[in-house]
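These are the residues of each chain, in order.
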Amino acid sequence: ERIVTTGADEQERAAESALRPHGLTEFVGQKVVREQLSLVLDAARARGAPADHVLFSGPPGLGKTTLAMIVASEMGAPLRQSSGPAIQHAGDLAAVLSSLDEGEVLFLDEIHRMARPAEEMLYMAMEDFRVDVVVGKGPGATAIPLQLPRFTLVGATTRAGLLPAPLRDRFGFTGYLDFYTPEELVLVLRRSAQLLGVQLTAEGAAEIGGRSRGTPRIANRLLRRVRDWAQVRGSGIVDRRAARAALEVYEVDELGLDRLDRAVLEALCRRFGGGPVGLSTLAVVVGEEAETVETVAEPFLVREGLLGRTPRGRVALPQTWAHLGLTPPRDAPG
Ligand code: ATP
């Protein structure tokens, strides 16, 4: 398991829920999204109506699920959670929708992975709070209209561009989450340390924040690993020395890149002379799914100027060669 992977398994989800901010004021960073969202929620509260449907878009681990929970708690409404991959038939969605209570918040994670027929059913549900349930097959099939309670849909996606326009347009508001600055991650870490009862120095926080790929999930995970090191090999305090030593053990470098990131960059430079090389070829060489490389490793590498995306494929940039300590060939792209 990658220590800086942006995904979370079940065990980690449990550890995470203890650290989740419960209200918008506790939520660190993402100032623009916070402000926009608070307007949407305040207005809905003033009208005494459920909030408009909301979409959160951005790389994993930046707080989409947390914000969905905050929408529900700020509206004083219950939250129902499901996800795109869990909804493979229109019937699956009809079952979820018809069991909602008035005002309930429905969170659909990975909404871009929902099956097409369900997606079409969702259009009508979002707009008219009604669905047509088709009973039977062939010429004898009948559509039975079903009235739904008014609900708020909160969708999350790692790639808003993958959503068909009719679905995207039905959200009243889309919040684009961006990577956090190291300073914001320090605030996340301080808050988490307090909740975990961990003593964290300013230098320790800065060291961990700087290696967390702009992602609170990773910051919290690294904090737990450094705490382990501090308890077993150090003084129990999470300071710079503990952070450096622990992160070396876990092969997280100064930029927060781990083995997969470096494998992608190494393959790009050493095997393909700096590219351009197609995503799927690159993924095969590093032994990962193309989607993982694209959604987990690439956004941060692109943002750090370590990888370029061109119509002809992925390319190394001057910083890529420098970071790996390699000399670019004369004809290298970028
Ligand atoms: P995924 O799409 O992979 O589920 P996500 O974007 O939904 O990721 P969350 O599960 O909301 O991410 O957040 C991951 C962890 O990071 C949680 O433990 C959460 O508490 C913490 N976190 C995220 N954003 C913030 C924030 N702004 N302030 C404090 N903690 C945060």
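Here, the structure is the one placed above.
Residues numbered from 1 in each chain as written. Predicted model: local features only at pLDDT ≥ 70, side-chain atom pairs only at ≥ 80, totals over all residues. Heavy atoms only, no water.

Here we take up the overall build of the chain. Within the chain, the secondary structure is distributed over 14 helices and 9 strands. C-alpha atoms of the chain, sized along the principal axes, occupy 65 × 50 × 30 Å. If you take every contact in the chain between residues at least 6 apart in sequence, the share linking residues at least 24 apart comes to 69%. Accessible surface for the chain amounts to roughly 15,700 Å². Of this, 50% is attributable to carbon and sulfur atoms. (Helix = DSSP H or I, 4+ residues; strand = E, 2+ residues; numbered from the N terminus. Contact = heavy atoms within 4.5 Å. Areas by Shrake-Rupley, 256 points an atom, 1.4 Å probe, with all protein chains shown as cover.)

For a regular strand, the rule is simple: side chains alternate between the two faces of the sheet. Both strand β2 (residues 79-83) and strand β3 (residues 105-109) contribute to a ladder of 5 bridges, which runs parallel. Bridge pairing in β3 links S83 to D109. (Pairing = 2+ DSSP bridges.)

Lining the immediate environment of the ligand, one finds 20 residues, of which V28, K64, T65, T66 and R217 sit closest. Contact distances for the ligand include 2.6 Å between an oxygen atom and a side-chain N or O atom of T65. About the coverage of the ligand: the protein hides 97% of its 630 Å² of free accessible area. Secondary structure elements with two or more residues in the shell around the ligand: α1 (10-17), α3 (64-75) and α9 (216-233). Considering only residue class, the shell around the ligand consists of 9 nonpolar, 5 polar and 6 charged. (Near = heavy atom within 4 Å. Polar contact = N/O pair within 3.5 Å; in protein donor to acceptor, adjacent residues only side chain to side chain. Nonpolar A, V, L, I, M, F, W, Y, C, P; charged D, E, K, R; others polar.)

The tally for this structure, following the rule as stated, stands at 2 aromatic pairs. Consider the rings of F129 and F151, whose centres lie 5.4 Å apart with planes at 90°: the pair is edge-to-face. With F129 in the loop between α5 (116-128) and β4 (130-135) and F151 in the loop between β5 (142-147) and β6 (152-157), this pair connects stretches of sequence that are 22 residues apart. F151 carries the same exposure label as F129, and that label is buried. Their ring planes at 75° and their centres at 5.8 Å tell us that F179 and F300 sit as a pair that is edge-to-face. Of this pair, F179 sits in the loop between β7 (173-176) and α7 (182-196) while F300 sits in helix α13 (residues 290-303), placing them 121 residues apart in sequence. Each of the two residues, F179 as well as F300, counts as buried. (Phe/Tyr/Trp six-rings, centres within 6.5 Å; stacked < 30°, edge-to-face > 60°. Buried < 20%, exposed > 50% of the residue type's maximum accessible area, 1.4 Å probe, protein only.)

Here we come to the nonpolar core. By size, the foremost hydrophobic cluster in this structure holds 65 residues, and its most contacted members are L37, F56, L67, I208, V226, V264 and L301. Ranked by the residues each element gives to this core, the list is headed by α9, at 7 residues. In this structure, A94, L106, M114 and Y123 belong to the second largest nonpolar core, which totals 25 residues. (Core = buried A, V, L, I, M, F, W, Y, C linked by side-chain atoms within 4.5 Å.)

Let us now look at the packing of helix α11 (residues 259-271) against helix α12 (residues 279-286). It is the contact of α11 with α12, at a shortest axis distance of 10 Å, that shows an interaxial angle of 115°. When the axes of α11 and α12 are compared, the pair comes out roughly perpendicular. Note that α11 runs across α12; the crossing there is right-handed. Where α11 abuts α12, its residues L260, A263, V264, A267, L268 and R271 lie against L282, V285 and V286. Tallied by class, the residues present in the contact of α11 with α12 amount to 8 nonpolar, no polar and 1 charged. (Axes fitted to C-alpha atoms, helices over the stretch in contact; angles between N-to-C directions. Parallel < 35°, antiparallel > 145°, perpendicular 65-115°, else oblique. Left-handed = near helix turned anticlockwise from the far one by under 90°.)

Right, let's talk about the pairing of β6 for a bit. Most of β6 is tucked away: 6 of the 6 residues are buried. The pairing of β3 with β6 spans 4 bridges and is classified as parallel. For L108, the partnering residue across the bridge sits in β6 and is G155.

Attention now moves to the sheet that holds β7. Read from one edge to the other, the open sheet built from 5 strands follows the order β2-β3-β6-β1-β7, with strand pairing classed as parallel. Taken across any chain shown, the strands that pair with only one partner, and hence form the sheet edges, are β2 and β7. When strand polarity is set aside, the average angle formed by the axes of neighbouring strands in this sheet is 20°.

Here the focus is the side chain of E298. Tracing the backbone shows E298 in helix α13. Setting aside its immediate chain neighbours within four residues, E298 contacts L279, V293, L307, R309 and R314.

Turning our attention to α13. It helps to recall that an α-helix has 3.6 residues per turn; residues three or four apart then point in one direction. For α13, spanning 14 residues, the distance from its first C-alpha to its last is 19 Å, which sits close to the expected 20 Å at 1.5 Å a residue. Backbone geometry just after α13 places G305 at a positive phi near 70°. (Expected span 1.5 Å × (residues − 1).)

Right, let's get into the environment of S99. Position of S99 relative to the elements: it lies in the loop between α4 (90-98) and β3. Residue S99 is classed as partly exposed on the basis of its relative accessible area, which comes to 35%. Separated by 74 residues in the primary sequence, S99 and T25 place their C-alpha atoms 31 Å from one another. Polar side-chain contacts of S99 include one of 2.9 Å to the backbone oxygen of V96.

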